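The primary structure of each chain is shown beneath.
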Amino acid sequence: ERFGSAAENDEALLVRHSALLALAVAFLQHFVRANWTGPPEQEDDASLPFHPSALAEDDATSPPILAALESDGEPAYELLACPGYLWLSALLLGLLPSDSLQPDVASLPFWRARCAFVWQLSIADASERGCGQCPSLFKASIADLIGEAGDTTSPLSTAGLLDPRARVELQQATAPLLRSYKRGTMPVGTPQVIQPEEEAAGDALALLECFDDEAPSALPARPTLREAPEAVRAALLVELANRLCWYSRLKVWQQTSDAACKVVDFNYELTGVLGIKREHQTTEYAQLVVKAKGKENVKGVEVDEMAKAPGTLSLKTVDDMTDVLETPKLSQSLSETERHEIERPLKAAEQLILLSRCHYIWASSNPNDEMVLEEVNALAQRVLKKQDQVLEEEAGEGPLFTVNWLTFSCGLWFRCRAEHHRNKTRERAAFQLQSLVDQFTDEKPSAGHRLRMAHSCGYPARFHLQHEVASRMMKMGMVSTAHEQFKKLRMWPEAVECLIIAERNVEAEDMLKGLIEKHPSPRLWCCLGDVMRDPAHYETAWQLSNKRFARAQRSLGRYYYDKKQIAKSVEAFKLALDINPMYEGIWFTLGVGLMQLERMDEAMVAFSRVLSINDEDGQAWANLAAVHLHQSRVREARTCMVEATKRCRQNWRMWESFQGICIKLRDINGVIQSLRRLVELDQMGRVQRQVLGMVTQAVITDMPELYEGRSGRSCMRQLLDFYKFATDHTASRPDFWSFYAHLQEAAGDDVGALESRLRQCRVLQARLWDEKDPEIFTENLQDFLECLNLIDSTMDDPATKEMAKAHATSFSYMLSEAAKKLKEKLAATVQEPSWKAAVGKLEALAQKAQKRS
């Protein structure tokens, strides 16, 4: 009766929308329980639309549901548990095309974003490293919350979770990617999906019939999230931060994390304190720890927020002979305040913030860098701090040790990741990872408790954990065992990779052919194409998917690119990117191919798309500069190369390219900057004498009309600093000393110029007598004589005569030795050399210098 009068009753309309949202949330949470947190619900109920825990392969309704969960050409994982609940939640929350009424409640955008991100994580090839990312789900999970540039009515704005400046920075970080997302006539953000057949979904949709009455679009005023508890607001911000990391929007993670810290008044720092790490260690060394400052500790938390801690394997349990301590034993010199900041148990929101930092470090750094792993380990150990004594029991949950079971599990997961590289902890990490997989089926704690932080802590799905276990097996050399695990998980590309590593290629081919005979799928055909290197299999996969499986065209493009069939490669890549444009590497390869075909306008678009996904790609900036340069847009090329050199400072090729562009623009400052960087990178052979001469001459003659209206003399100080740095770095380049002396003379530093020429003479003389090539010897001798003549002129010049007296004796001795050696070399020659006249000149200079001294 209340729903029937909704047209006249705004309150009833709000109740109706709240009921729709509650139903969508219930479906989503059940899907998360079945795939992420556990424990699985075993008892079926006739009132449920789908079995509560059945895998997709065991449910007759799953094939059309899985087809509907395909997004942007990326298929869902084929062994999802009860995928129908995710589909129903997406339908109700507006992620799928539908004419049904959508709930309109204050928290709807946040639940919609949660559903979109869970959907994203359910994609078969989804990875934070760039594979399987769907632009439509990115828009729904992040961009719709943030809003477009200048939008002050976005959900994050109305909820007051971010200050205006941070919100603008987030909008700027997401806007380039959204602008690059175009596909046919479909609106931006609409997933490319197939609706399940009406017969298959009829039972599920029957539950929604009571909510299908007509209702007005106008809504009464509703409460916002501004009044939500601090922990809830912080959790929403942490969720956003984790998604930004996953989609590689790393530049704005810090702003979101800082906002979460501000909400709960929490501060932390990674620092070093004295302590020991081994049982019999006596000398204290710095140990990496996390100091946390916030409101009062866990003792003040309500009892119903506590739960049994997941099973934690100690190092002694795995290896009773180990002398490594679980956590560093801190020095007695620490104050009580410092010790409390390091050891106090954290509240759930504080744990979430530290776990988000772990996600950020993992996504932004090299996971094989031991220093990075030490930082992750310190953060994980801080999350794992728990009460020393058992607290009161929560009804049905068991002994209480930690503030939240799932955040504790996530801390254990990161500790596993940080320990696999160390011999002393590798075994514990492997067992602990398997323990995390096994605890999914534990009866306690309850599903309700586990789901509290399921969307905020970033804990992986069970099948992701199983994939990580198998990957660790493969890295440890257990290739056959890993292969069986991947087969069980139906992760066919990884299973095939294991067989190839084990040099069982024929078995891999037979396995795939057998699977295709039973259940052909585009993924299997692509795997067979990878093994056999046959493009026909990729074409079969493309046709089988009704031209929706983007991976088939990506593989086909790579195949043609490797075979140097660039035109075919380009067309395949364009088809794949039209379906899912979030593949940075494919855009890059497409751009390179277009450059080879001299289709520069299209190449410029391709590299621009790379940068819209990841503006830290220095190679893409450099290639974009090359495109601009090819089209005679030199200033634009310089701008791009500046960005490239910022991101690839250790790549000398970048600096050499930047130097060439600066020469074209008559940019003396840019040339000097590139020369200095080449010296810093020990690329002396790349510092060309012609470039040094050109720059020095431009400065000495005060060349006008240089880049940005400058004159040569304006670069005098920068060039002097470069030569000082270069000659300090290496004293064996005579051209450095020569040009340095000319510049010092122009700057009025006669003493410095004389000293530079003397050093130039010493370098030339050292090279002269070791040279075997007659032509090079003649050239070096000519340079040596020119330098000696310049020094001789300086010593005769009345203006510098007094200053030069200090060097007269050493100069005379150097000339005498040089004349003697050159005369001996002349006597040893069979044929008369072209430099014979130089002997007399050198003897004359030596006699003159002897008289002067």
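Since the structure is predicted, the reported quantities are computational estimates derived from the model, not experimental observations.

J.: Would you take a moment to explain the overall build of the chain for this structure?
T.: Broken down by element type, the chain carries 39 helices and five strands. Looking at the chain as a whole, 52% of its 853 residues are labelled buried. Within the chain, contacts between residues at least 6 apart in sequence are counted, and of these 66% link residues at least 24 apart. Carbon and sulfur atoms make up 50% of the accessible area of the chain, which amounts to about 38900 Å² in all.

J.: Just to check I follow, could you spell out the nonpolar core for this structure?
T.: Burial of nonpolar side chains together is a common tendency in soluble globular proteins. Within the largest apolar cluster, 228 residues are counted, with the highest numbers of intra-cluster contacts made by Phe266 and Phe722. Looking at this core, the element that brings in the most residues is helix H1 (residues 10-37), giving 11 residues. Leave out the neighbours within four places in its chain, and Phe266 touches Cys261, Ala292, Lys293, Gly294, Arg344, Leu346, Glu350, Ile353 and Leu354.

J.: What am I meant to see in the confidence of the model for the chain here?
T.: For the chain, per-residue confidence averages 86 on the pLDDT scale, and residues scoring 70 or more make up 89% of the total. When the criterion is pLDDT under 50, residues 1-8 qualifies, and its contacts beyond four places in sequence or with other chains add up to 11 contacts. In the predicted structure, residues 391-395 sits below a pLDDT of 50 and forms 13 contacts with residues beyond four places in sequence or in another chain.

J.: Mind showing me how you'd approach the pattern of salt bridges here?
T.: Any two side chains of opposite charge can pair, so long as their charged atoms come close to each other. Following the criterion strictly, the structure yields 44 salt bridges and no others. For Arg676, the salt bridge goes to Glu680, with nearest N and O atoms at 3.6 Å. Linking Arg676 with Glu680, this pair stays in helix H31 (residues 668-680), spanning four residues, or about one helical turn. Salt bridges sharing partners connect three or more residues here, namely Lys251, Asp615, Glu616, Glu643, Lys646 and Arg647.

J.: It is not clear to me how the sheet that holds strand E2 (residues 285-293) should be interpreted in this structure. Could you clarify?
T.: Think of a sheet as strands paired side by side through backbone hydrogen bonds, with each pair either parallel or antiparallel. Reading across the sheet, the three strands line up as E2-E1-E3 and stay open at both edges, with antiparallel pairing between neighbours. Among the strands making up the open sheet, the edge pair consists of E2 and strand E3 (324-330). On average, each strand axis in the sheet is inclined to that of its neighbour by 50 degrees, with strand direction left out of account. Judged from the three bridges that link them, strand E1 (residues 267-278) and E3 form a sheet pairing that is antiparallel. The residue of E3 that forms the bridge with Gly275 is Leu330. Those strands touched by helix H12 (residues 336-343) are E1, E2 and E3, and its axis lies near 80 degrees from that of E2.

J.: Hey, could you run me through the packing of helix H33 (residues 716-729) against helix H34 (residues 734-746) in this one?
T.: When two helices pack together, their arrangement is given by the angle between the helix axes and the distance between those axes. Running from N to C, H33 and H34 point in directions that differ by 145 degrees, and their axes come no closer than 10 Å. In terms of crossing hand, the pair formed by H33 and H34 is left-handed. Taking contact as the criterion, the partners of Met716, Leu719, Leu720, Tyr723, Lys724, Ala726 and Thr727 in H33 are, on H34, Phe736, Trp737, Phe739, Tyr740, Leu743, Gln744 and Ala746. Counted by class, the contact of H33 with H34 contains 11 nonpolar, two polar and one charged residues.

J.: What is the right way to read unusual backbone geometry from this model?
T.: In most cases, non-glycine residues show a negative phi, while peptide bonds are predominantly trans. In this chain, Gly38 is followed by Pro39 through a cis amide linkage whose omega measures -15 degrees. In this structure, Pro39 sits in the loop between H1 and helix H2 (62-68). Unusually for a residue other than glycine, Arg490 sits at a positive phi of about 60 degrees. Structurally, Arg490 is set in the loop between helix H19 (479-489) and helix H20 (492-501). A positive phi angle, close to 55 degrees, is found at Asn546, a residue other than glycine.

J.: Just to check I follow, could you spell out the packing of helix H18 (residues 462-475) against H19 for this structure?
T.: Between H18 and H19, the least distance of the axes is 7 Å, while the angle of their chain directions is 160 degrees. Relative to H19, H18 is oriented roughly antiparallel. Read as a crossing pair, H18 and H19 show a hand that is left-handed. Contact residues: H18 offers Phe463, Gln466, His467, Ala470, Ser471, Met473 and Met474, while H19 offers Val479, Thr481, Ala482, Gln485, Phe486 and Leu489. In terms of residue class, the contact of H18 with H19 is built from eight nonpolar, five polar and no charged.

J.: What is the right way to look at the environment of Asn546 in this model?
T.: With respect to the helices and strands, the residue Asn546 is situated in the loop between helix H23 (535-544) and helix H24 (550-562). For Asn546, a relative accessible area of 56% gives the class exposed. Residues Asn546 and Pro522 lie 24 residues apart in sequence; the distance between their C-alpha atoms is 9.8 Å.

J.: I'm lost on the side chain of Glu419 in this one. Help?
T.: Along the polypeptide, Glu419 turns up in helix H15 (residues 405-419). The exposure class of Glu419 is buried, given its relative accessible area of 5%. Residues contacting Glu419, with those up to four places away along its chain left out, are Asn377, Gln381, Thr425, Arg426, Arg428 and Ala429.

J.: Explanation requested: a negative patch on the surface in the structure shown.
T.: Negative charge collects at one region of the surface, where Asp749, Asp750, Glu755 and Asp797 lie side by side. With respect to the helices, strands and loops of the structure, Asp750 is situated in helix H35 (residues 750-768).

J.: What am I meant to see in the packing of aromatic side chains here?
T.: By convention here, two paired aromatic rings are described through the distance between centres and the angle between planes. Under the definition given, this model contains 20 aromatic pairs. Relative to Phe463, the ring of Trp36 has its centre 6.2 Å away and its plane inclined at 70 degrees; by these criteria the two rings are edge-to-face. Highlighted residues: Trp36 in helix H1 and Phe463 in helix H18, separated in sequence by 427 residues. Residue Trp36 is classed as buried on the basis of its relative accessible area, which comes to 6%. Pairing Tyr723 with Tyr740 gives two aromatic rings, centres 5.8 Å apart and planes at 25 degrees, and the pair type is stacked. A residue pair is termed long-range when its members are at least 10 positions apart, and Tyr723 in helix H33 and Tyr740 in helix H34 qualify at 17 residues. Accessibility classification places Tyr723 together with Tyr740 in one group, the buried group. A network of ring pairs unites the aromatic residues Phe722, Tyr723, Phe736, Trp737 and Tyr740 as a single cluster.

J.: Help me out: how do you make sense of helix H9 (residues 230-246) in this one?
T.: If you check H9, its first and last C-alpha atoms are 24 Å apart, about what 17 residues at 1.5 Å a residue would give, namely 24 Å. Of all 17 residues making up H9, 14 are buried, and the element is well covered by its neighbours. Of the residues trailing H9, Ser248 is marked for its positive phi of about 65 degrees.

J.: Please clarify how helix H22 (residues 522-532) should be interpreted in this entry.
T.: Because the α-helix completes a turn every 3.6 residues, residues three or four places apart line up on one side. Judged by how many residues are buried, H22 sits mostly within the fold: nine of 11 residues are covered. Residues of H22 that are buried make contact with H20, helix H21 (505-518), H23 and H24.

J.: I tried to follow the environment of His807 on my own but got confused; where do I start?
T.: Turning to its location among the elements, His807 is positioned in the loop between helix H37 (801-804) and helix H38 (808-828). Between the alpha carbons of His807 and Leu758 there is a distance of 8.8 Å; along the sequence they are 49 residues apart. Other than its neighbours up to four places away in sequence, His807 contacts Leu754, Glu755, Leu758 and Met795.

J.: Sorry, what's going on with the pairing of E1 here?
T.: On a regular strand, one side chain projects to one face of the sheet and the next to the other, so that they alternate. As paired strands, E1 and E2 are joined by nine bridges and run antiparallel to one another. Bridge pairing in E2 links Gly272 to Leu288. Two successive antiparallel strands, E1 and E2, enclose a turn made up of six residues.

J.: I tried to follow the environment of Ala818 on my own but got confused; where do I start?
T.: In this structure, Ala818 sits in helix H38. The spatial distance from the C-alpha of Ala818 to the C-alpha of Leu768 is 9.7 Å, given a sequence separation of 50 residues.

About the cut-offs
Residues numbered from 1 in each chain as written. Predicted model: local features only at pLDDT ≥ 70, side-chain atom pairs only at ≥ 80, totals over all residues. Heavy atoms only, no water. Helix = DSSP H or I, 4+ residues; strand = E, 2+ residues; numbered from the N terminus. Buried < 20%, exposed > 50% of the residue type's maximum accessible area, 1.4 Å probe, protein only. Contact = heavy atoms within 4.5 Å. Areas by Shrake-Rupley, 256 points an atom, 1.4 Å probe, with all protein chains shown as cover. Core = buried A, V, L, I, M, F, W, Y, C linked by side-chain atoms within 4.5 Å. pLDDT = per-residue confidence, 0-100. Salt bridge = Lys/Arg side-chain N within 4 Å of Asp/Glu carboxyl O. Pairing = 2+ DSSP bridges. Axes fitted to C-alpha atoms, helices over the stretch in contact; angles between N-to-C directions. Left-handed = near helix turned anticlockwise from the far one by under 90°. Nonpolar A, V, L, I, M, F, W, Y, C, P; charged D, E, K, R; others polar. Parallel < 35°, antiparallel > 145°, perpendicular 65-115°, else oblique. Patch = residues over 30% accessible without salt bridge, like charges linked within 9 Å, V, L, I, M, F, W, Y side chains within 5 Å. Lys, Arg positive; Asp, Glu negative; His and termini not counted. Charge placed at Lys NZ, Arg CZ, Asp CG, Glu CD. Phe/Tyr/Trp six-rings, centres within 6.5 Å; stacked < 30°, edge-to-face > 60°. Expected span 1.5 Å × (residues − 1).

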